[in-house]
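# Summary of the model geometry
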Amino acid sequence: MEYSEKVMEHFVNPHNVGKLEDADGIGEVGNAKCGDIMKMYLKIENDIITDVKFNTYGCASAIATSSIATDMIKGQPLSEALKLTNKAVVEALDGLPAVKIHCSVLAEQAIKAAVKDYYDKNGIEYNKADFEFEDHHH
Amino acid sequence: MKVYADNAATTKISKIALDAMMPCFLETYGNPSSLHSVGQDAFHAVRDARNTIAKCINADPNDVYFSSGGSESDNWAIKGAAYLMAKKGKKHIISSKFEHHAVLHTLNVLEKEGFEITLLDVYENGLVRVEDVKNAIKEDTALVTIMFANNEIGTVQPIREIGAVCREKGVLFHTDAVQAVGHVPVDVVADNIDMMSFSGHKFHGPKGVGGLYCKKGIRLPNLIEGGAQERNRRAGTENVPAIVGMAAALKDACDHMEENTKKLVKMREQLIEGILKIERSRINGDREHRLPGNVSACFEGVEGESLLLYLDIMGISASSGSACTSGSLDPSHVLLSIGLPHEIAHGSLRLSLCEDNTPEEMEYIIEQLPPIINRLRDMSPLWEKIQKEGK
């Protein structure tokens, strides 16, 4: 198993680490038993993600995918952020080892979970099917 | 500073072993099966190596067979003993939950072939209980295979007592001693061992070579066919340089075992003391019955792979039993076998020392660990939960 330089870059110096105390949407996915938890904090103004922070418990690829995924949605409208796929995250990292692909799925789900939280809190209607995802591990 | 603390994975070859090997490439390069003098020189080199190794483990040289390493020896001994005893209607094998995969996967294969496998508990301290072995032995028990020392948590098993029970009950006893040979005293006679696997690269010998001790009278079927090498028991031209290097390394390890142990235990305890100062940390496995150079720890709220990669950046080579390093979603079976919950087992770190390490290096590790762990905990939602719940 080998990590790309890009993965190591984002693991060693991850971007957007931290919490947002006044977050408009918070999404947490994964669980301790499986060894990774990702928590995303979004600040949203006029449907634009103005700020994003994450906290992640997990391996190097979990941290790296959190870092790059937050970069990719920062400043984006919600509609664009929701289009972010795990595949795009993997590509942006110049690839992930096969056993680590689930980390990129977590990143995609964490963003969706945070947006859903924002919608729920603000009574914004959405298509529930777009936010249904199975636990990536089982 | 560069600190290599992963000696349970593999060791640097010793100068003594390397010096012993070099002439085998350039001068004694003959095939030991050849009758000419070049071949005979190689034959003698292998014979001398066998004698040396036999002496180190108190075996008859005729009972020492060379192989490609620990995994082959485990496969050979366990499959061989199983098939041998199955002819007598004995198809039950006893082992433990935290054996190396070379043993456990071999047992899985045998189970599919119709053998009955009993895996004994190793309890919280990582030790097999002799009573459990005694109680598990049945009329049709073919083999007991218990590792000498665990590769992850370093616990040293009551091998002599287990061997005595097997002798008393007339059951074959194999031990995977890959982590023990060259590190703790091993005496196949006094320890009541029938078969024992060992590996060269765990004690500063070369990789790709190991051996099996198999007591006279146990006619294991061959694993590898094709030639008369190893007294018709293991085919393949002998890896002369590796065999010679392994023998030199083992002799050196055994000659200096007492002083090395003293030095290692001191560094091990220094490291453990430093680690236990870190909040919510623990040492895995029995503190007393333990390999002199093994430190196995868990840190709550952090994940092992991240920890070991940050350590690597600081020049420290270690290993972890987290799921992410095992290539599966489950953490190491060894850590689960001693009752650790998944979320704690994911935060494991193994530091395995050798006599080349120094107290200054231990100090460096103790300095480097807290900031790395704090950094990971600061971004860990799990740590946040642990702090909130305070349990």
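Residues numbered from 1 in each chain as written. Chains lettered and ligands numbered in written order. Predicted model: local features only at pLDDT ≥ 70, side-chain atom pairs only at ≥ 80, totals over all residues. Heavy atoms only, no water.

### With respect to empty space enclosed by the protein
Residues and elements named next belong to chain B. Following the criterion strictly, the structure yields three cavities of 30 Å³ or more and no others. As a volume, the largest cavity reaches approximately 160 Å³. Gln179, His183, Leu291, Ser352 and Leu353 are, among the 14 residues lining the largest cavity, the residues nearest its centre. Broken down by class, the residue content of the lining of the largest cavity amounts to six nonpolar, seven polar and one charged. There is about 120 Å³ of room inside the second largest cavity. Lining the second largest cavity are 13 residues, and of these Gly182, His183, Asn260, Leu264 and Glu355 lie nearest its centre. Broken down by element, the residue count for the lining of the second largest cavity peaks at four residues, all from helix α9 (residues 257–276). (1 Å grid on protein atoms, 1.4 Å probe; cavity = no way out; pocket = protein on both sides within 12 Å on 5 of 7 lines; lining within 4 Å. Points joined across faces, edges and corners; volume = space filled by probe spheres on them. Nonpolar A, V, L, I, M, F, W, Y, C, P; charged D, E, K, R; others polar. Helix = DSSP H or I, 4+ residues; strand = E, 2+ residues; numbered from the N terminus.)

### Focus on the confidence of the model for chain B
With 98% of its residues at a pLDDT of 70 or more, chain B shows a mean pLDDT of 96. Scoring the predicted complex yields pTM 0.95 and, for the interface, ipTM 0.94. (pLDDT = per-residue confidence, 0-100.)

### Observations concerning the environment of B:Leu172
Residue and element names in this part refer to chain B. Inspection of the secondary structure assignment puts Leu172 in strand β6 (residues 172–176). Between the C-alpha atoms of Leu172 and Pro32, which are 140 residues apart in sequence, the distance is 32 Å. The contact partners of Leu172, leaving out residues within four places of it in the chain, are Ala81, Met85, Ala142, Leu143, Val144, Asp194, Met195 and Ile218. (Contact = heavy atoms within 4.5 Å.)

### A few points about the interface of chain A and chain B
Contact with chain A, which involves 28 residues of that partner, is made by 23 residues of chain B. Approximately 2100 Å² of surface area, both sides summed, lies buried where chain A meets chain B, with 62% of it carried by carbon and sulfur atoms. Interface area lost by chain A to chain B is led by A:Phe11, A:Lys33 and A:Tyr57, which between them contribute 28%. Note that A:Lys19 is salt-bridged to B:Glu384, the shortest N-O span being 3.4 Å. Seen at the junction of chain A and chain B, the total is 13 residue pairs in polar contact (both at pLDDT 80 or more). Elements with a contribution of two residues or more to the side of chain A that touches chain B: α1 (5–12), β2 (36–45), β3 (48–57) and α2 (60–73) of chain A. Of the residues that constitute the side of chain A that touches chain B, the class distribution is 15 nonpolar, eight polar and five charged. (Buried area = accessible area lost by both parts, 1.4 Å probe. Salt bridge = Lys/Arg side-chain N within 4 Å of Asp/Glu carboxyl O. Polar contact = N/O pair within 3.5 Å; in protein donor to acceptor, adjacent residues only side chain to side chain.)

### A word on unusual backbone geometry
Residues and elements named next belong to chain B. Phi at Asn58 is positive, roughly 55 degrees, even though this residue is not glycine. Of note, Asn58 is situated in the loop between α2 (37–56) and β2 (64–67). Here Asn58 falls in the partly exposed class, since its relative accessible area comes to 38%. With phi around 50 degrees, Glu230 is a residue other than glycine that occupies positive phi space. Tracing the chain through its elements places Glu230 in helix α7 (residues 229–232). Classification of Glu230 as buried rests on a relative accessible area of 5%. (Buried < 20%, exposed > 50% of the residue type's maximum accessible area, 1.4 Å probe, protein only.)

### Looking at the confidence of the model for chain A
One rule of thumb: low pLDDT means the predicted coordinates there are not for detailed reading. Within chain A, residue pLDDT values average 93, and 96% of them lie at 70 or more. Ranking the elements of chain A by mean pLDDT puts helix α5 (residues 101–121) of chain A last, at 94, and β3(A) first, at 98.

### A word on the packing of aromatic side chains
Remark: the centre distance and the inter-plane angle together describe each pair of aromatic rings, the angle taken between the planes. This structure, assessed with the given rule, holds seven aromatic pairs over all chains. A ring pair is formed by A:Tyr126 and A:Phe131, whose centres lie 5.0 Å apart and whose planes are at 70 degrees; its orientation type is edge-to-face. Considered together, A:Tyr126 and A:Phe131 belong to a single accessibility category, that of buried residues. Feature note: the residues A:Tyr118, A:Tyr119, A:Tyr126 and A:Phe131 constitute an aromatic cluster, connected by ring pairs. Sitting over the ring of A:Tyr126, A:Lys128 keeps its end group 5.6 Å from the ring centre. Its end group placed over the ring of B:Phe115, B:Lys91 keeps NZ or CZ at 5.0 Å from the ring centre. (Phe/Tyr/Trp six-rings, centres within 6.5 Å; stacked < 30°, edge-to-face > 60°. Lys NZ or Arg CZ within 6 Å of the ring centre and 35° of its normal.)

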